Amino acid sequence: AASWTTSYLLAGSSTATFISGQIPIEVVFDQVNVRAVLAMQNNQLRLVQSLNQAQRAATREALVDGIRRGVNPRDAARAVKDSIGLTAKQVRAVNSYRRALMTGDSKALQLKLRDKRFDPTVARSIRTGSPLSQAQVDKLVARYVQRQLIYRSEVIARTEALRSAHEGTEEMFQQAIDSGAINAEDLIRTWHTAMDARVRDTHITMQGQERPWGEPFVSGRGNLLRFPGDSLAPANEVIQCRCVLATQIKTPVRAGTTISAEIR
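Predicted, not measured: the structure shown is a model, and the values here were computed from it. (Residues numbered from 1 in each chain as written. Predicted model: local features only at pLDDT ≥ 70, side-chain atom pairs only at ≥ 80, totals over all residues. Heavy atoms only, no water.)

Further remarks concern the overall build of the protein chain. Within the protein chain, the regular secondary structure consists of 8 helices and 5 strands. Shown N-terminal to C-terminal, the secondary structure of the protein chain runs as helices and strands in the order α-α-α-α-α-α-β-α-β-β-β-α-β. Relative to its 264 residues, the protein chain shows a buried fraction of 39%. Within the protein chain, contacts between residues separated by at least 24 positions form 69% of all contacts whose residues are at least 6 apart in sequence. Counting every atom, the protein chain has about 14200 Å² of accessible surface; 55% of that belongs to carbon and sulfur. (Helix = DSSP H or I, 4+ residues; strand = E, 2+ residues; numbered from the N terminus. Buried < 20%, exposed > 50% of the residue type's maximum accessible area, 1.4 Å probe, protein only. Contact = heavy atoms within 4.5 Å. Areas by Shrake-Rupley, 256 points an atom, 1.4 Å probe, with all protein chains shown as cover.)

The structure is reproduced here in structure tokens:
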């Protein structure tokens with residue numbers, strides 16, 4: 001939450017500098033503006049709720065899988081422990097990896113986040129039909145869980161960094177509009193993708209989309225997004241999104257005046 005707030009404030013301040021360089025009016029980002037304060041507070045609440053919901057779903061997935069497999073209470077407790085910090089999808093991946101290791105399934109050698117240093121041991125077990133010991137399986141699964149946790153933390157960090165930067169930018173433009181420094185009708189906004197093979201299918205059609213201020217962009221799935229990483233949009237539209245939003249000021253408002261965009 002602290003990193004999100006810092007990024008939000010830096011984005012707002014950087015946008016103020018950009019606007020001031022485009023028009024003959026100095027604007028200043030007001031971080032104690034009511035909207036800005038609410039945005040930072042709501043973000044903290046959203047992150048906590050999101051993480052709590054994800055943990056509940058992950059724990060449920062671990063328990064359900066244990067019931068299906070008929071494991072003893074000790075193994076069920078271990079599965080719940082392994083689920084801490086993961087999503088339900090990641091728990092399913094962990095359970096699948098554990099089953100592959102225990103049954104000698106070659107899928108155990110195909111998972112991207114596995115620790116490849118143990119591949120020779122796993123391959124030999126599969127080749128000879130000699131099952132891995134419980135201690136070996138637990139060690140491999142623990143390493144896999146650790147890598148899943150690192151991956152999830154990186155996903156969250158990338159997603160939230162983009163979201164906070166765009167929200168801070170949006171707030172600064174709104175403050176400038178509210179103060180009269182710029183006119184909303186003088187803003188033109190353009191969506192840009194990373195223009196590579198990793199761009200999600202629903203965002204390919206968004207490349208070059210232009211919208212006036214206040215009008216959302218439309219994804220290939222028909223979802224509305226105010227900006228990349230929009231917290232109001234579905235998760236499958238924003239997680240690890242690398243798109244950016246460019247905003248142009250078409251016409252300077254007035255010359256010879258210095259006012260502040262601070263509104264309280």
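Here the narrative resumes, following the displayed structure.
Interaxial distance between helix H4 (residues 88-103) and helix H6 (residues 134-179) falls to 10 Å at its minimum, and their mutual angle equals 155 degrees. Between H4 and H6, the angle is such that the two are roughly antiparallel. Here H4 and H6 pass one another in a crossing that is right-handed. Residues Gln90, Ala93, Val94, Tyr97, Arg98, Leu101 and Met102 of H4 touch H6, and the partners they reach there are Gln134, Val137, Asp138, Leu140, Val141, Tyr144, Val145, Gln148, Tyr151 and Arg152. (Axes fitted to C-alpha atoms, helices over the stretch in contact; angles between N-to-C directions. Parallel < 35°, antiparallel > 145°, perpendicular 65-115°, else oblique. Left-handed = near helix turned anticlockwise from the far one by under 90°.)

Under the counting rule described, the total for this entry stands at 13 salt bridges. When the shortest N-O distance is used, the salt bridge between Arg35 and Glu171 registers 3.0 Å. Here Arg35 is found in helix H2 (residues 34-69), whereas its partner Glu171 is found in helix H6, with 136 residues between them in sequence. Given the relative accessible area of 7%, Glu171 is considered buried. (Salt bridge = Lys/Arg side-chain N within 4 Å of Asp/Glu carboxyl O.)

With that settled, the discussion passes to the sheet that holds strand S5 (residues 244-249). Strand order in the open sheet made by the 3 strands is S2-S1-S5, with antiparallel pairing throughout. If you trace the sheet from one side to the other, it starts and ends with strand S2 (210-212) and S5, each paired once. Sheet twist, expressed as the mean angle between neighbouring strand axes with direction ignored, is 25 degrees. H6 rests against strand S1 (187-192) and S5 of the sheet, and its axis sits at about 20 degrees to S5. (Pairing = 2+ DSSP bridges.)

Relative to the helices and strands, Val37 is located in helix H2. Owing to a relative accessible area of 28%, Val37 belongs among the partly exposed residues under this scheme. Considered as a pair, Val37 and Thr5 are 32 residues apart in the sequence and their alpha carbons are 9.8 Å apart. Not counting chain neighbours up to four residues away, the residues in contact with Val37 comprise Gln31 and Val32.

Ile19 and Ile182 are the most contacted members of the largest nonpolar core, which totals 20 residues. Every element with two or more residues in this core is listed here: helix H1 (2-22), H2 and H6. Ignoring any residue separated from it by four or fewer positions in sequence, one finds Ile19 in contact with Val27, Met172, Phe173, Ala176, Ile182 and Ile249. By size, the runner-up hydrophobic cluster in this structure holds 16 residues, among which are Ala58, Ala100, Phe118 and Val137. (Core = buried A, V, L, I, M, F, W, Y, C linked by side-chain atoms within 4.5 Å.)

Okay, the packing of aromatic side chains next. The final tally for this structure, using the stated rule, is 5 aromatic pairs. Plain terms: the ring middles of Phe173 and Trp213 are 6.1 Å apart, the flat faces sit at 50 degrees to each other, and that makes the pair tilted. One end of the pair, Phe173, is in helix H6; the other, Trp213, is in the loop between S2 and strand S3 (217-218), with 40 residues separating them in the sequence. Its relative accessible area of 2% is what places Phe173 among the buried residues. Among the aromatic residues, those joined into a ring-pair cluster are Trp4, Tyr8 and Phe29. (Phe/Tyr/Trp six-rings, centres within 6.5 Å; stacked < 30°, edge-to-face > 60°.)

Right, let's get into the side chain of Thr193. Along the chain, Thr193 falls in the loop between S1 and helix H7 (201-204). For Thr193, a relative accessible area of 11% gives the class buried. A distance of 3.2 Å separates a polar side-chain atom of Thr193 from the backbone nitrogen of Met195. For Thr193, the residues in contact, after removing those within four places along its chain, are Val199, His203, Gln207 and Cys243. (Polar contact = N/O pair within 3.5 Å; in protein donor to acceptor, adjacent residues only side chain to side chain.)

Taken as a whole and assessed by the stated rule, the structure comprises 0 disulfides. With no disulfide of its own, Cys241 lies 3.7 Å from the sulfur of Cys243, the closest cysteine sulfur. Here Cys241 falls in the buried class, since its relative accessible area comes to 7%. (Disulfide = S-S within 2.5 Å.)

So yeah, pure geometry; function would need other evidence.
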